[in-house]
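# Chains, contacts and geometry: an overview
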Amino acid sequence: MDDALPFLAIWPHQDRIAILTPNHHGTVPRCSPPTSGTVWEASPLAALIPFLPKRENGGRWLLFLDAELPAAWHHAPWETTQLQGKPLSEHALIVRRGRFIPPADRPWATLPLRCFDAFPCHEYPFAERLSRWVRERRLRHVTREALRTRKISANTPLVVLAHGSTTGLRDRNGAALDAETYFTHIERLWLLACNHGALTELVDQLLQRGVKTVVAATDLLDAPTIAALLDTYLEQCASSPPEPARWLTHLQSDAAPGGLERLTLWGEIPLTQRWHGHYWRHVRFGEPLPLDERCGQEHFAQTFALWNTAALWPIVRETLAPPLLWLAEKFDHGAIRPLERAVEQSLAQNPQPQRFHALANGARRFGDYPRAVRYLLAGLEHTHEDESGRGKLLGALINQLIDWDLPEAAQELCNHYHLIDWPDAEQSAQAERRYLDFTARIQLRRGQPEPALERLAKKWRHARQLGESGLREAASALYAAAWYARQHPAFAPTGQWAWLAAAMTEEIPPKAFTTAKGNDTLLYCLRAQAAWAWQQARAGDSRLAMHLAERYAAAARIALRQQEDPGPAAYFLLYLALSGQRLPDDAEARALEALKDARYLLESALFAAWLGKTHTATACHRQFAKVRRQSAAKVLNHPQVSLFELNKHLCPDAIAIREAQEAESFADPLVALRYGTLPL
């Protein structure tokens, strides 16, 4: 099916009818199927009218009756119901026993089509009428024997020309055609015969026996009309046959007067966009969208590129925006802004927790904490019974409390996060890994790098058990180890900590700094290496620092102005500066400025102080304290977080104590380590 084709799909959902169009998904009250002549505007079908597609370019739209609807819905005379004063068949093609299926790797059909002509020759000369298409190899006649012995390929469409009767199909001699003998092994059928009622039952039986798609008449269909339909279809088969749903909706009624509106399609409708198939299975069967924490860079990039086109149904584009925004924070910071705009536009109509969560993550990435916390608090107001959504929002708030250098408040909220009742084992496992990450960083904020390392080691083991490389976990742990080694100089990445050496890889090319678009793991490996080099230099060994400066410093300097998030490159350069390395040009000043501009305000203050730039440190710390007070005030006494007992950790007195500790940390990194006021 051409996925731009307008449609209305309906299926049973509890005690209502679910509906889907390219623009809308929802439910309407359940009603009985219509009878002949039912007027939509004056019947329960009126509830569907606001969602009906518009006819485009004179074509029709699809009324897709899902296969799980009761039989009465498929057998109902939809074509003869009245909409806007005309039969529905003039507006829409009815798809009965409908099933949307994913895109196929092969064409819908190949030429020539097969034709079984069982129509009496003396009544109409189909062989003569269709001879042109046989000569052009677009059509090939098959015999009864070939069908009986199943010598016809199952995936080659078969056109059946026959008389219809009150009991089924008849051949040219008036004998019954046994469908099970001749047709059940063919996947796609055109049953071009009059429907006296029995054809509907026959098609139902064929679908039950494995036939996938059937085009059939809903009423009487004379031979000249059948011939005109075939001529029109085969005319468009120059390279490959068009998919029937697309052809039957785009075809103008004057191409086969009196015939087009008497055809219906049963069974499968192939989609051409894979994401439409994913979305259909999501809303129809509850399958999760394949766009979550397991998504890789390539899958994200392909999906985002498609999202940027007009190829997707508007409702799919709207649905993909929140998870894409959440993943953009990881894979492509340049994608955050357009995705933010799309998600914000959808909030009024669809205030789902997932949307607020994605927006909060995007705002946090750019250091806009007041806006981020506003999204989180608004999202919590819409969680209702959504425990998963509530958990994700709490997790995002924990991240912000850690960023605000308020470890006790973060731990208090973490205790509640750990009790979330996640809906399935997979989400629970993901939450456990996030919990380990949260608590590791909280321990660092408390000045306790050893338990932080233990939690990161556990997270690394979880990653390895899942078949992942564990490289990101190793990078995080090596960074924590660099600070731990300041207290314990004998610590080395050997023995039980040998796995940390994975983050010390020398295979990272310098261009990684300039080609990365998001939170690239390789950049975090280099950040960790620079921190480790700093502690080694403090112990008298500057070899690693010298190597990193020679190999990467120039590329890191360029990245400061190219990357949406200059954090990893700036940390890398500033740790090398603390190690006593000469950096290219004004790289040190540029790194501090880049951190400040990206709102890494506490980190800017710490690095500036340790590099002897006291005025810059004081100014950045003052700005950080102001942003933290503004953000904490939004959370303080808010009804959505009042149950979490955060007020004692967010009150002005508690924050004032933390500000004093941060100011003391400017004197020496060891003081910062004791308080936990580290550049994380």
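Residues numbered from 1 in each chain as written. Predicted model: local features only at pLDDT ≥ 70, side-chain atom pairs only at ≥ 80, totals over all residues. Heavy atoms only, no water.

## A few points about the packing of helix α14 (residues 369–380) against helix α26 (residues 614–635)
The condition is simple: Note on definitions: angles span 0 to 180 degrees between N-to-C directions of axes, and those axes are lines fitted to C-alpha atoms, for helices only across the stretch in contact. A run of H or I in DSSP counts as a helix once it spans at least four residues, and a run of E counts as a strand once it spans at least two, with each numbered from the N terminus. For classification, angles of less than 35 degrees are called roughly parallel, those exceeding 145 degrees roughly antiparallel, those between 65 and 115 degrees roughly perpendicular, and all remaining angles oblique. Whether two residues touch is decided by their heavy atoms; if any such pair falls within 4.5 Å, the residues are in contact. We call Asp, Glu, Lys and Arg charged. Ala, Val, Leu, Ile, Met, Phe, Trp, Tyr, Cys and Pro are nonpolar, and the rest, Gly among them, are polar.
Here α14 crosses α26 at 10°, and the two axes come no closer than 9 Å. One element, α14, and the other, α26, form an angle in the roughly parallel class. Here Y369, P370, V373 and L377 of α14 lie close against α26, whose contacting residues are V627, Q630, S631, K634 and V635. Split into classes, the residues belonging to the contact of α14 with α26 amount to six nonpolar, two polar and one charged.

## Some thoughts on the packing of helix α19 (residues 471–487) against helix α21 (residues 521–538)
Under the convention used in this document: Handedness of each helix crossing follows the sense of rotation of the near helix against the far helix: counterclockwise by less than a right angle gives left-handed, clockwise gives right-handed.
Between α19 and α21, whose axes approach to 8 Å, the crossing angle comes to 20°. Considering the angle they form, α19 stands roughly parallel to α21. When the axes of α19 and α21 are compared, the crossing they make is left-handed. Of the residues in α21, those in contact with L471, R472, A475, L478, Y479, A481, A482, W483, A485 and R486 of α19 are T521, L522, Y524, C525, R527, A528, Q529, A531, W532, W534, Q535 and R538. Across the contact of α19 with α21, the residue classes tally to 15 nonpolar, three polar and four charged.

## Description of empty space enclosed by the protein
Basically, it comes down to this: Buriedness for pockets is judged along seven lines, at least five of which must meet protein on both sides within 12 Å for an open set on the 1 Å grid over protein atoms alone, while cavities are sets there where a 1.4 Å probe fits but cannot get out, and lining residues have an atom within 4 Å of a point. Grid points are joined across faces, edges and corners, and a volume is the space filled by probe spheres set on the points.
The tally for this structure, following the rule as stated, stands at one cavity of 30 Å³ or more. Taken as a whole, the largest cavity encloses approximately 50 Å³ of empty space. Forming the boundary of the largest cavity are I10, I17, V28, P29, C31, P44, L45, A47, L48 and W73.

## Considerations on unusual backbone geometry
Rules: Exposure is judged per residue with a 1.4 Å probe applied to protein chains only, and the accessible area is read against the type maximum: over 50% gives exposed, under 20% gives buried, and values in between give partly exposed.
Cis geometry is adopted by the peptide bond preceding P112, which originates at L111 and carries an omega value of -5°. Looking at the element boundaries, P112 is found in the loop between β7 (92–101) and β8 (113–117). The residue R150 is not glycine, and still its phi comes out positive at about 60°. The exposure class assigned to R150 is partly exposed, which follows from its relative accessible area of 45%. Phi at D405 is positive, roughly 60°, even though this residue is not glycine. Structurally, D405 is set in the loop between α15 (387–403) and α16 (407–417).

## Brief notes about α26
Note the following rule: One less than the residue count of a helix, multiplied by 1.5 Å, gives the span that helix is expected to have.
Here α26 spans 32 Å end to end across 22 residues, near enough to the 32 Å set by a 1.5 Å rise per residue. Listed in full, the buried residues belonging to α26 are A617, C620, H621, F624, A625, V627, R628, S631, A632 and V635. Contact partners of the buried residues in α26: α14, α15, α24 (587–597), α25 (601–610), α27 (647–650) and α28 (652–665). One or two steps after α26, the chain reaches N637, where phi turns positive at roughly 65°.

## Concerning the nonpolar core
For the record, the criterion: Residues belong to a common nonpolar core when they are buried Ala, Val, Leu, Ile, Met, Phe, Trp, Tyr or Cys residues joined through side-chain atoms within 4.5 Å.
Within the largest apolar cluster, 190 residues are counted, with the highest numbers of intra-cluster contacts made by L20, F513, F572 and Y575. Top contributing element to this core by residue count: α19, with 11 residues. Filtering out sequence-adjacent residues up to four positions away, F572 remains in contact with F513, L526, R527, A530, L548, Y552, A553 and A556. In this structure, A118, I152, L199 and V203 belong to the second largest nonpolar core, which totals 27 residues.

## Here we look at the sheet that holds strand β14 (residues 213–217)
Heads up, the condition is: Here a strand pair is declared whenever DSSP counts at least two bridges between the two strands.
Pairing within the open sheet is mixed, and its 11 strands lie in the order β3-β2-β1-β4-β7-β15-β14-β13-β10-β8-β9. Across the chains shown, the open sheet's two edge strands, defined by having one partner strand only, are β3 (25–29) and β9 (139–141). Between one strand axis and the next, the sheet turns by 25° as a mean value, whatever way the strands run. As judged from the four bridges shared by strand β10 (residues 158–161) and strand β13 (residues 188–192), these two strands associate in the parallel manner. Bridged to L158 within β13 is L189. Running at roughly 30° to strand β1 (residues 7–13), helix α9 (residues 274–285) makes contact with β1, β2 (16–20), β3, β4 (61–66) and β7 of the sheet.

## Remarks on the packing of aromatic side chains
Note the following rule: By convention, a stacked pair of Phe, Tyr or Trp rings (six-membered ring in the case of Trp) has centres within 6.5 Å and planes under 30 degrees apart, an edge-to-face pair has planes over 60 apart, and any other such pair is tilted. Sitting over a ring, as applied to charges here, requires NZ of Lys or CZ of Arg to be within 6 Å of the ring centre and within 35 degrees of the ring normal.
Here the structure, examined in full by the defined rule, presents 38 aromatic pairs. With 4.9 Å between their ring centres and 80° between their planes, Y233 and W247 make a pair best called edge-to-face. Residue Y233 is located in helix α7 (residues 223–235), and its partner W247 is located in helix α8 (residues 244–250); the two are separated by 14 residues in the primary sequence. Accessibility assignment for this pair places Y233 and W247 in one class, buried. Between Y479 and Y575 the ring centres are 5.9 Å apart and the planes differ by 75°, which places this aromatic pair in the edge-to-face class. Here Y479 is found in helix α19, whereas its partner Y575 is found in helix α23 (residues 567–578), with 96 residues between them in sequence. An aromatic cluster of three or more residues is present, and its members are Y479, W483, W534, Y571, Y575, Y600, F607 and W610. Above the face of the F366 ring, R337 is positioned so that its terminal group lies 4.0 Å from the ring centre. Above the plane of the ring of Y675 lies R674, whose end atom (NZ or CZ) is 5.1 Å from the centre.

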